[in-house]
Amino acid sequence: MSNATAVMTIRGPVNATDLGVTLMHEHLFINQMREQRRTGLVNDLDMVVREVGRFTEAGGGTIVELTVAELADGAAPDPAGAHTGERAGTGWSSGSARPVANVTALAEVAARTGVHLVLGTGHYRDPYLDKAWFDQHCADQIAEELVRDISEGIPGTGGIRAGVIGEIGADKWYLSAAEERSFRAAARAHRRTGVPVTTHAARWPVGLAQLDLLCGEEGVPPDRVIIGHVDTVKAPLDYALELARRGVWVQFDNLRSRRREDLDHLSSRVLGFARAGRLDQLLLSHDLCTTADWPDEGGVGLTHLLGTVRRHLTAAGLGEDEFDRLLIDNPHRALTGT
Ligand SMILES: [Zn+2]
């Protein structure tokens, strides 16, 4: 991108100052049926349009949509629709970019709601990865595809470009062979494009191993890496501070609970992080990923952070201006590297 402060969205480059309130880790259409047979397919266009509309009415501006190829396959209102013609009969492999039908549906959401959508590219985590394909493609070849998505466009979409790398993941407490290759590819694609790398590191503190590889071995500047799901790890504040000391972005992104106990835990972590002087390295998001996370099925939806979470954090002592930094300034800095 020619302008360092511009962020690539589904409708083209947007100046970071125009992005507004930004959710850094969400999924609008997603297929996790491999693991969640009842709730794992979100593909209702009208529901998504309605809820994104509620988000923009509540003051929301931008959603970073991290449904990479392995999660986007079949994740569209009409996955076999007219737009997928070029893939007919070829089957899908993890070596491909997002399916066209998924990108087309997201483009319709953006057109109907006015939201800015920043798309991710990359490869998810081990159970979802096509091991044979990873065996057959070296890190530089995989990086080439990510660079293509970021610089030229996702194939078949008429030039719609990704704006971030991720979510790329580790399934367990180590990086598997395929994951290691995916992470090396992500790092090399970052070094060629400058867009940030955002990760899935859930339940185990595997974000540290991810940093060792991305930053220690592959030379990605730490402040261009976002470690995700930090709030799912045991003793999350200690882990978050350890990550922060290494210079990366820390993301609390499993904010899908209305339970007072969960909100209290979040408050103490955010305030603890703030008291340690690290607020400028923190990002928040919901990571909606199943139908149960959407209001139609009783979930919190896309306005939880702007409503319940904001009220809870500010009542606990976080300043309104500090909350705004978490949802406006920090995402913009994370996306642009400024
Ligand atoms: Zn996610």
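Structure's up top.
Residues numbered from 1 in each chain as written. Predicted model: local features only at pLDDT ≥ 70, side-chain atom pairs only at ≥ 80, totals over all residues.

**A short note on the sheet that holds strand β8 (residues 164-170)**
Stage number 1. Taken in spatial order, the eight strands make up an open sheet running β3-β6-β7-β8-β9-β10-β11-β12, and their pairing is parallel. Since the sheet does not close on itself, it has two edges, and those belong to β3 (21-26) and β12 (282-284), each with one partner. For this sheet, the mean inter-axis angle between neighbouring strands, taken without regard to orientation, is 25 degrees.
Stage number 2. As paired elements, β8 and strand β9 (residues 197-201) share four bridges and run parallel to each other. Bridge assignment links G169 to a residue of β9, and that residue is H200.
Stage number 3. Against the sheet, helix α6 (residues 177-193) engages β8 and β9, with an angle of about 160 degrees to β8. (Pairing = 2+ DSSP bridges. Helix = DSSP H or I, 4+ residues; strand = E, 2+ residues; numbered from the N terminus. Axes fitted to C-alpha atoms, helices over the stretch in contact; angles between N-to-C directions. Contact = placed C-beta atoms within 7 Å.)

**Comments concerning unusual backbone geometry**
Stage number 1. Between G166 and the following residue, E167, the backbone shows a cis peptide bond with an omega angle of 5 degrees.
Stage number 2. By secondary structure assignment, the location of E167 is in strand β8.
Stage number 3. The backbone of R203 sits at a positive phi, close to 70 degrees, despite the residue not being glycine.
Stage number 4. One can find R203 in the loop between β9 and α7 (207-217).
Stage number 5. Even without being a glycine, D287 presents a positive backbone phi close to 55 degrees.
Stage number 6. By the secondary structure assignment, D287 is in the loop between β12 and α10 (305-315).
Stage number 7. For D287, a count of 24 C-beta atoms within 10 Å puts it in the buried group. (Buried ≥ 20, exposed ≤ 12 C-beta atoms within 10 Å, placed from the backbone.)

**Some words on helix α1 (residues 45-57)**
Stage number 1. Here α1 spans 18 Å end to end across 13 residues, near enough to the 18 Å set by a 1.5 Å rise per residue.
Stage number 2. For α1, the set of buried residues is V48, E51, V52 and F55. Projection of α1 onto a plane perpendicular to its axis shows the buried side chains occupying an angular sector of 100 degrees, all on one side. Exposed side chains of α1 directed beyond 90 degrees from the buried face belong to D46 and E57.
Stage number 3. If you follow the buried residues of α1, they end up packed against β6 (60-65) and α3 (100-113).
Stage number 4. Looking at the residues trailing α1, positive phi occurs at G59, about 105 degrees. (Expected span 1.5 Å × (residues − 1). Arc of directions from axis to C-beta.)

**Focus on the packing of α6 against α7**
Stage number 1. At a minimum axis distance of 9 Å, the contact between α6 and α7 shows a crossing angle of 45 degrees. On the basis of their axis angle, the class for α6 and α7 is oblique. Between α6 and α7 the crossing geometry is right-handed. Residues E180, F183 and A187 of α6 form the contact with α7, whose participating residues are Q210, L213 and L214.
Stage number 2. Here the residues of the contact of α6 with α7 are counted per class, giving four nonpolar, one polar and one charged. (Parallel < 35°, antiparallel > 145°, perpendicular 65-115°, else oblique. Left-handed = near helix turned anticlockwise from the far one by under 90°. Nonpolar A, V, L, I, M, F, W, Y, C, P; charged D, E, K, R; others polar.)

**Remarks on the pairing of β9**
Stage number 1. Burial analysis of β9 places five of its five residues in the buried class, which makes it a mostly covered element.
Stage number 2. Direction of pairing for β9 relative to strand β10 (residues 225-228): parallel, over a ladder of four bridges. Bridged to T198 within β10 is I226.
Stage number 3. Regarding the hand of the β-α-β motif, the stretch spanning β9, α7 and β10 is right-handed. (Right-handed = clockwise from strand over helix to strand, strands pointing away.)

**Digging into the environment of S151**
Stage number 1. Take S151: it is sitting in helix α5 (residues 139-151).
Stage number 2. On the basis of neighbour counts, which here come to 15 C-beta atoms within 10 Å, the residue S151 falls in the partly exposed class.
Stage number 3. Separated by 42 residues in the primary sequence, S151 and T193 place their C-alpha atoms 7.4 Å from one another.

**Brief notes about the pairing of strand β2 (residues 12-15)**
The side chains of a regular strand alternate, first on one face of the sheet and then on the other.
Stage number 1. Bridge count for strand β1 (residues 6-9) against β2 is four bridges, and the pairing is antiparallel. The residue bridging M8 from the neighbouring strand is P13, located in β2.

**Looking at the packing of α1 against α3**
Stage number 1. In the contact formed by α1 and α3, the axes pass within 9 Å of each other and the chain directions differ by 40 degrees. When the axes of α1 and α3 are compared, the pair comes out oblique. Of the two possible hands of crossing, α1 and α3 adopt the one that is right-handed. Contacts between α1 and α3 involve L45, V48, V49, V52, G53 and T56 from the first element and A105, E108, V109, R112 and T113 from the second.

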